[in-house]
Structure formats: C-alpha cells, structure tokens
Amino acid sequence: MSDRLFIFDTTLRDGEQVPGCQLNTVEKIQVARQLELLGVDVIEAGFPISSPGDFNSVIEISKAVTWPVICALTRAVQKDIDVAAEALKYARHKRIHTGIGTSDEHIRYKFNSNREEIIERAVAAVKYARKYVEDVEFYAEDAGRTDNEYLARVVEAVIKAGATVVNIPDTTGYCLPSEYGAKIKYLMEHVEGIHRAVISTHCHNDHGMATANTMAGVLNGARQVEVTINGIGERAGNTSLEEVAMIVKCHKDIGIETNINTQKIYPTSRMVSSLMNMPVQPNKAIVGRNAFAHSSGIHQDGVLKNVQTYEIIDPRDVGIDDNSIVLTARSGRAALKNRLHVLGIDLPQDKLDKVYEDFLRLADKKKDINDDDILLLAGADRSQNHRIKLDYLQVTSGVGVHSVASLGLDISGEKFENCASGNGPVDAAIKALKKIINRQMTLKEFTIQAISKGSDDVGKVHMQVEYDNRVYYGFGANTDIIAASVEAYIDCINKFKPD
C-alpha cells in the first residue's frame, strides 16, 4: 500500500507574486477550476489581508471549486486571521495558513525579538486560528536556516496548540538536498507528537535545488508538498508541481502516490503560462517544448528503435498528444471548441463565436495554429476594456535608411495619430506612440519570446516601462513583432495610475 502525498498548490498565491504576472478574479477562478481537474488537494487562494483583490479572490474561488481544500495565508497576527476566516466563509473545506519566521536572522532583524517570544506568538496564532477552523497549517518561515533543535521546539509547540499541518519552508533556497532531508528526518525523530500533523515542504529555487530538496523532504517523511505550476514564483521560483508529480509517478519503488491526473499537466501548464503572460523555458522539465524533442543522431536512432531508450515519460502521460488535430483556416467551430476544451477552457457560445472570428483572421496569416495561439485568442478580450487601444500602425524600414512609423491610437473613443523616425522599426513606432502619450516614461526591459514554429508564428513581447518612479509590466502578441511591441507598451500605459 502506497503512502499518500498531498499536493498543495500555491500558484495563485506564491506563484502570482512574480512581478507583472498578476491575475484578475475571473482568471484566478479559471486557474482554480483547472487545478481541481488536475487533482490538487489544497489550493492556496491568496493572502486576504494584503489587498481587497486577494480577499475577493479567496471568496470567489471558495464558491467556484468543490472538493479541494481552500487555504488562505496570514501572518501570526489576529487581524490577519480574522480577515482570512471571513474570506473563507464559503469554502466547503477551509484551512488557515499562519506562521512566523524562526531563523535567528528573522528573529533578530525582522522581529527584534527572541526565541521564546517567537514560540509564544506561534502558539497564540495557531490557537486563535483554531477558533475559526479545524484545519490550521503553521509555517516556520526561513526554516531552512533555522537550527534543527530550536525548529523542533517550535514544531512541537504548534502541534500541541492544534496545528494539523506544519510547513518547513526553505524560504531562501539555501539548503542542500542532504541538509533539507536531514532536517525533516530530525523533526520526524525528535518532535513529540509529530505523527499528529502532516509535515509539509515549501522549497524555493534560488540555487536550482527546489525539486531536489522537496523530494529529499518526502523521502524523509514529509507528506505534503507546496508547489506551483511551471515552478513559477518570486525570484527564481518555487518547486514545480509537474516535476514532483512525474518523479513520484515514475519511481513507483518509493511507495508514494498522488491524486494528480497527470494527463492534465500540459494543458494546465499552457493555461497558466498564457494567463500570466509568462513563457515556459524550452528546456523546462516535463512541459518545455523541448522536453520530448531529440536532435542528437544517437538519441534519434535509439528512440526510433525503442522509445524507452531515451524517454522515461510517455508524452501522453502529461497530456501531450502527438496525434492532436491540426487547426487551420479550414477548421470549424467544433474543432476549435474541442481544442479549447482539451486546454481546459470552455467558453459560452457568444464568446466562442468571437474567438472563432479572431481564429479565422489569424489562420489567414499563418499556416498552422498552435496551442499558444489558441490560448492567446481565448484570453484576448482582457484588453478589450483598455482605455488606450492601437488603432493602426504603418512602418517603413530597410537597410541603409531611417525607419519611419505612422501610428494611430484610440483613447477613450477619441482618435489620435502621429509619426516618428527611429533606429529601427520598433524604436520608430514607440517614439510615435510617446509623442501621443506625452509623459516621461522609460523602457526598462524588452523581451521577445523565441519563435519556434516558423516565420509566420505569433511573436510574444514582454516589456517593463518606468513611469513616475514605478515599473509597469506589459504584454503583446501578434504575427507582426512590431505591432506586438507597440501593444506591449500600450498594455503598460493602460496600467499607469491616473494623474
């Protein structure tokens, strides 16, 4: 009989802390429903006291999903816990996730406190949360740098106070796998009453060891893992859900199983990537576009003879179907609707009709439509309510001549136009844009996502623009990379705070 490993997904909380990747409530509900289909056990829906948006998202996600536990994050502060409990009022299964820093660095510099007082605050927070819910998780922030003897004292105290789950975060991605595994083992062997709670891992990827540390924790007794789709998260990211799920699936000898429907991994990955405008690196394990590609002649020969020579995972096990229907300009609504459904998106008829019209226009420009294109089309309405929209763009450029751009904007229904020359077509177009939007703004970062399918593929552009001492993030997608660049810049401008 296999041990059950619980999957705690924090894509909508820790993952959403990536600058420029924030979702609105409707998009969060879409992701939450997909996570439910994927089979995650716990969805950390937000940090309710941090903003009205997070508070509302926890409420609406609680209403939208059925069986997963909905979790809300707090600090070890009574007001935080009060607000979290209010946000969770509609959840069928609810959990409050409270905690405090336990490393000497946090105790001394963050809290200006001492070890005994931190234990008192931890115990008080858990007891207070238990007044609202039966399921309370405690996190010992920066446990990775906390000495094991003191950490064991904290864990024992919060379990006695009523914590049902205890989270041991490697907050800074500091630990080596051997160190983190030994830390979990120490707690399993030295904490009285440890088996009354589930021990959880929460590892960051600052040194590229998040998944390795997580698995070291699991092999030493942890039975919950805190993960995100595509490993997204602030700084270098979090442990990747898909990596842990497939490691456990492939290594049946370790005697552990999850509830994850692995065939939903790829569509979930694509959905999160599209909604958060965050590309998946090509060599990303499990879900990167090169994860099942073989270019070496030796590898190709081996795979052709027997796929198991170089592939330990069947692509179909993670939802990648090599025989999927290819969408072209001749495809009908039924084919588009089916592909959207495979990708986890079910649209009402009026929205499907609009997406289909956009699909036909795109299909006229490029031969084959890929999944990223479809997800972009399905999410394109996010910009429909923007105050500033691109009306038209015309660019003249060539070798040995100055590029010239003529550009028109629709600003709240009023038309504006201007032109400019520049050092290349993108520079000329943005200069024309800035003549209309007469503000002191600076382009800080400009990234074009690699085009992989051909010269007619949709180009995806990410930008950072600084205005009034704040940095704003924008995204654009178009078969014309110049237009995509302008759309990304406009996306930034639409997020500026009003003067």
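Residues numbered from 1 in each chain as written. Predicted model: local features only at pLDDT ≥ 70, side-chain atom pairs only at ≥ 80, totals over all residues. Heavy atoms only, no water.

Caption draft 1: Region of the structure containing the overall build of the protein. The helix and strand tally for the protein stands at 16 helices and 16 strands. Relative to its full complement of 499 residues, the protein shows a buried share of 52%. Put simply, 66% of the contacts in the protein that link residues at least 6 apart link residues at least 24 apart. If you sum the accessible surface of the protein, you get close to 23100 Å²; carbon and sulfur atoms cover 48% of it. (Helix = DSSP H or I, 4+ residues; strand = E, 2+ residues; numbered from the N terminus. Buried < 20%, exposed > 50% of the residue type's maximum accessible area, 1.4 Å probe, protein only. Contact = heavy atoms within 4.5 Å. Areas by Shrake-Rupley, 256 points an atom, 1.4 Å probe, with all protein chains shown as cover.)

Caption draft 2: Structural context of helix α1 (residues 25–38). With 14 residues, α1 should reach 20 Å at 1.5 Å per residue; the first-to-last C-alpha distance of 20 Å fits that figure. Within α1 the residues assigned to the buried category are E27, K28, I29, V31, A32, Q34, L35, E36 and L38. Its side-chain oxygen at 3.1 Å from the backbone nitrogen of V26, N24 defines the N-terminal cap of α1. Note on α1: the residue one or two positions beyond its end, G39, has a positive phi of about 105°. (Expected span 1.5 Å × (residues − 1). Polar contact = N/O pair within 3.5 Å; in protein donor to acceptor, adjacent residues only side chain to side chain.)

Caption draft 3: Layout of the environment of F6. Here F6 lies in strand β2 (residues 6–9). Between the alpha carbons of F6 and N259 there is a distance of 7.6 Å; along the sequence they are 253 residues apart. Sequence-distant contacts of F6, that is, excluding residues within four places in its chain, are made with D41, R223, Q224 and V225.

Caption draft 4: Molecular detail of the packing of aromatic side chains. Evaluated as defined, the whole model comprises four aromatic pairs. Between Y467 and F496, the ring centres sit 4.4 Å apart and the planes meet at 15°, which makes this aromatic pair stacked. Highlighted residues: Y467 in strand β15 (residues 459–467) and F496 in the segment after α16 (481–493), separated in sequence by 29 residues. For the pair formed by Y467 and F496, the shared burial category is buried. With 4.8 Å between their ring centres and 55° between their planes, Y472 and F496 make a pair best called tilted. You can see Y472 sitting in strand β16 (residues 470–478) and its partner F496 sitting in the segment after α16, a full 24 residues away along the chain. Take F496: its relative accessible area is 8%, and that puts it in the buried class. Ring pairs connect the aromatic residues Y467, Y472 and F496, which therefore count as one cluster. The aromatic ring of Y90 is capped on one face by K63, whose charged end is 4.7 Å from the ring centroid. (Phe/Tyr/Trp six-rings, centres within 6.5 Å; stacked < 30°, edge-to-face > 60°. Lys NZ or Arg CZ within 6 Å of the ring centre and 35° of its normal.)

Caption draft 5: Up close: the sheet that holds strand β13 (residues 414–422). In space, the three strands of this open sheet follow the order β11-β12-β13, with antiparallel pairing throughout. The sheet terminates laterally at β11 (388–396) and β13, the two strands that pair on one side only. Across the sheet, the mean angle from the axis of one strand to that of its neighbour is 15°, orientation sign disregarded. Sheet analysis places strand β12 (residues 403–411) next to β13, joined by nine bridges and oriented antiparallel. (Pairing = 2+ DSSP bridges. Axes fitted to C-alpha atoms, helices over the stretch in contact; angles between N-to-C directions.)

Caption draft 6: Region of interest: the pairing of β2. Of the pairings in the sheet, the one linking β2 to strand β9 (residues 224–227) comprises four bridges and is parallel in character. Counterpart to D9 in the pairing with β9 is V227. With two bridges connecting them, β2 and strand β3 (residues 42–46) associate as parallel partners. Across the sheet, residue F8 finds its bridge partner in β3, namely V42. With α1 bridging β2 and its parallel neighbour β3, the resulting β-α-β unit is right-handed. (Right-handed = clockwise from strand over helix to strand, strands pointing away.)

Caption draft 7: Structural view of the environment of L241. Note that L241 resides in helix α9 (residues 241–250). Separated by 30 residues in sequence, L241 and T211 place their C-alpha atoms 8.9 Å apart. Leave out the neighbours within four places in its chain, and L241 touches I7, D9, L38, V40, V227, T228, I229 and I260.

Caption draft 8: Region of the structure containing the packing of α1 against helix α10 (residues 265–275). Interhelical geometry of α1 versus α10 gives an angle of 165° and a closest axis separation of 10 Å. Between α1 and α10, the crossing angle belongs to the class labelled roughly antiparallel. Two packed elements cross with a definite hand, and for α1 against α10 that hand is left-handed. Note on element contacts: α10 touches α1 through I265, P267, T268, M271, V272 and L275, opposite E27, Q30, V31, Q34, L35 and L38. Taken together, the residues of the contact of α1 with α10 break down into eight nonpolar, three polar and one charged. (Parallel < 35°, antiparallel > 145°, perpendicular 65-115°, else oblique. Left-handed = near helix turned anticlockwise from the far one by under 90°. Nonpolar A, V, L, I, M, F, W, Y, C, P; charged D, E, K, R; others polar.)

Caption draft 9: Fine view of the pattern of salt bridges. Scanning the entire structure with this criterion turns up 29 salt bridges. Two residues, D3 and R223, come together in a salt bridge whose shortest N-O distance is 3.0 Å. With D3 in strand β1 (residues 3–4) and R223 in the loop between α8 (210–219) and β9, this pair connects stretches of sequence that are 220 residues apart. Residue D3 is classed as partly exposed on the basis of its relative accessible area, which comes to 37%. Taking the shortest distance from any N to any O, the salt bridge between K28 and D54 comes out at 3.2 Å. Here D54 lies in helix α2 (residues 52–64) and K28 lies in helix α1, a separation of 26 residues in the sequence. The same class applies to K28 as to D54, namely buried. Within the structure, one salt-bridge network assembled from shared partners comprises R13, D14 and E44. (Salt bridge = Lys/Arg side-chain N within 4 Å of Asp/Glu carboxyl O.)

Caption draft 10: The arrangement of the sheet that holds strand β5 (residues 94–101) in detail. Reading around the circumference, β2-β3-β4-β5-β6-β7-β8-β9 is the order of the eight strands in this closed barrel, with parallel pairing throughout. Taking each pair of neighbouring strands and ignoring which way they run, the sheet shows an average axis angle of 25°. In the sheet, β5 pairs with strand β6 (residues 136–141) via six bridges, with the strands oriented parallel. Its bridge partner being in β6, I100 is matched across the sheet by A140. Sitting on the sheet, α2 touches β3 and β4 (69–73), and the angle it makes with β3 is about 145°. Lying on the sheet, helix α6 (residues 148–161) is in contact with β6 and β7 (165–170); it crosses β7 at an angle near 155°.

Caption draft 11: Just the nonpolar core, in detail. Formed by 108 residues in total, the largest nonpolar core has its most connected members in F138, V155, V166, I168, I265 and L336. The residues touching I265, leaving out its near neighbours within four places in the chain, are L38, E242, A245, M246, I260, I286, V287 and V318. In terms of nonpolar packing, the next biggest core, distinct from the first, is built from 29 residues, L407, A429, V461 and I493 among them. (Core = buried A, V, L, I, M, F, W, Y, C linked by side-chain atoms within 4.5 Å.)

Function-wise, these values are silent; they only describe arrangement.
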